[in-house]
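# Breakdown of the fold
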Amino acid sequence: MEKNLTTGSVFRNIVGFSLPYLLAYFLQTLYGMADLFITGQFSGTADITAVSIGSQVMHMITVMIVGLAMGTTIAIGRAVGGREQEKAALAIGNSATLFIGLSVVLTALLLALVRPIVAVMSTPAEAVEGTVRYLTICFIGIPFITAYNIISSIFRGLGDSQSPMKFVAVACAANILLDYLFIGGMHLGPAGAALGTTLSQTLSVVVSLVMVTRQKSALPVTRASFRPRKDVLGSILKVGVPVALQDGFIQISFLLITVIANGRGLDDAAAVGIVEKVISFVFLVPSSMLSTVSALAAQNIGAGRYDRAAQTLRYAVGMCLCFGLVVGTIVQFAAGGIVSVFDSTPAVVTAGSQYIRGYIWDCMFAGAHFSCSGYFCAYGRSVVSFLHNALSIVLVRIPGAYLMSRLFPSTLLPMGCAATAGSLLSVIVCVIALVWLRRRGALDHPVQV
């Protein structure tokens, strides 16, 4: 399973690692979009809104789990790069123990809070019951969502991004088939979308566990590896907690923007929900670079190859900026057609086109600060990543969206631009942090994890 990323061409390693991850993320996003698309084919705007709002809540929970699991990826990557097999095995076992306990607690808590969550989201009255049904079913499936993401983070820490791609491919195919069965055939609406998602994730976990048991590894993972150890859990949480909080705050900002849009009426709520799904698809490249930079840089830092870690960051930022520029330009001409794929209601198409034309430029700047975040995390300085995202959210994203909504009630374009402005601030903070850390020589002395 392990793959050495500390030798050979840095660019080839980035491409070789990121492409399977990109495809995996594409498939994961595809089956998320499939819920919305298939619901739109068989149900009305209220059910579309219910699935949209419910999936945003689940996306927030998922990205926080993924953020926490970043600690696992970094701990394993550092150990593999430094040829510390016993340390890598302990990180794997303790991660499994930590996340099993977390998923049980999280499931119970969220099931108890499902209706308050729907209320906090300012869900339109027509979509309340559908959203409750969707979230209830998805919350029950949280242990499987957690299991999939922690298994994937372990593989990526080992330098293997292909196995997680296979896991999610199974989930994607199953989800689309189950969506047509539950939504189209059985007319279960939002509940059918949630059932498809939960059952497909369960199947993916089963497949991943079968693959893990069949693969041979040099890592000495034993029962003792699963026994909680304060030092190992501490190293995982030191990186993972700031990233999870950062991702949580980002998603809270998205949810607050959704709440603002929901207050503007059903059409704007549907438009924002659709665009958020499309943006999640466009963000495949920036998101893949965050994980790519963190995994590659972690192994190289573990091996003492700090120059290769820095080169990884430079390549990733350049690739993201070019991608964002091209996609942003295309969307300016294709906005209406993109939104109409999900909902052809004229008012929704108009509002969605406005929102996405401003929002799409976020992809370019987000790619740069995502790559920097991966680099900071690999050095054990995930607090820097948390800081730039927190400043962006508190100073620009949330207040900007609110002010733009109040000042421009007839268009969503300024609200979309507020998101882009937030990412631009993050890029500025990242550049300042990189310069400051380099001058202090901190990039030659990674924080111990």
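A brief look at the structure comes next.

Definitions and limits used
Residues numbered from 1 in each chain as written. Predicted model: local features only at pLDDT ≥ 70, side-chain atom pairs only at ≥ 80, totals over all residues. Heavy atoms only, no water. Helix = DSSP H or I, 4+ residues; strand = E, 2+ residues; numbered from the N terminus. Rg over C-alpha atoms; globule rule 2.2 N^0.38 Å. Contact = heavy atoms within 4.5 Å. Areas by Shrake-Rupley, 256 points an atom, 1.4 Å probe, with all protein chains shown as cover. Lys, Arg positive; Asp, Glu negative; His and termini not counted. Charge placed at Lys NZ, Arg CZ, Asp CG, Glu CD. Buried < 20%, exposed > 50% of the residue type's maximum accessible area, 1.4 Å probe, protein only. Phe/Tyr/Trp six-rings, centres within 6.5 Å; stacked < 30°, edge-to-face > 60°. Axes fitted to C-alpha atoms, helices over the stretch in contact; angles between N-to-C directions. Parallel < 35°, antiparallel > 145°, perpendicular 65-115°, else oblique. Left-handed = near helix turned anticlockwise from the far one by under 90°. Core = buried A, V, L, I, M, F, W, Y, C linked by side-chain atoms within 4.5 Å.

Before going further, it helps to examine the overall build of the chain. Within the chain, the secondary structure is distributed over 16 helices and zero strands. A globule of 449 residues ought to have a C-alpha radius of gyration of about 22 Å, and the chain, at 21 Å, matches this closely. In the chain, the share of contacts with a sequence separation of at least 24, taken over all contacts with a separation of at least 6, comes to 84%. Accessible surface for the chain amounts to roughly 17,300 Å². Of this, 70% is attributable to carbon and sulfur atoms. Within the chain, the 18 negative side-chain charges are centred at a point lying 12 Å from the centre of the 28 positive side-chain charges.

The next subject is the environment of Y355. Among the secondary structure elements, Y355 is positioned in helix α13 (residues 346-359). Discounting residues that sit within four places of it in the chain, Y355 has contacts with I257, V272, V275, E276, L412, L413, M415 and G416.

With that settled, consider the side chain of T62. Looking at where T62 falls in the secondary structure, it is placed in helix α2 (residues 45-81). Given a relative accessible area of 15%, T62 falls into the buried group. Those residues within four positions of T62 in sequence are excluded, and the remaining contacts are I145 and N149.

On to the packing of aromatic side chains. The relation between two aromatic rings is expressed through the spacing of the ring centres and the mutual angle of the planes. Applying the stated criterion across every chain, the model contains six aromatic pairs. On the numbers, 5.2 Å between centres and 65 degrees between planes, the contact of Y375 with Y379 is edge-to-face. Neither Y375 nor Y379 differs from the other in exposure class; each is buried. Three or more aromatic residues joined by ring pairs form one cluster here, namely Y306, Y375, F376 and Y379.

Before going further, it helps to spend a moment on the packing of helix α12 (residues 306-340) against helix α14 (residues 362-378). Closest axis-to-axis distance for the α12/α14 pair is 7 Å, and the angle between their directions is 165 degrees. Taken as axis vectors, α12 and α14 run roughly antiparallel relative to one another. Every pair of crossing elements has a handedness; the one defined by α12 and α14 is right-handed. Where α12 approaches α14, its residues A309, A310, L313, A316, V317, C320, L321, F323, G324 and L325 are matched on the opposing element by C363, M364, G367, A368, S371, C372 and Y375.

This part is about the environment of A50. Its location among the elements puts A50 in helix α2. Look at A50 and you get buried, because its relative accessible area is 0%. Along the sequence, A50 and F249 sit 199 residues apart, while their C-alpha atoms lie 22 Å from each other. Setting aside chain neighbours within four positions, we find A50 in contact with A127, G130, T131 and P190.

Next up on the list: the environment of F226. Mapped onto the fold, F226 is located in the loop between α8 (190-214) and α9 (230-262). Sequence separation of F226 and N94 is 132 residues, and the distance between their C-alpha atoms is 5.0 Å.

Formed by 128 residues in total, the largest nonpolar core has its most connected members in M58, L135, F139 and Y375. Sorting elements by how many residues they give to this core places α2 first, with 16 residues. Not counting residues within four places of it along the chain, the set of residues in contact with Y375 comprises V293, A309, A310, L313, L434 and L443.

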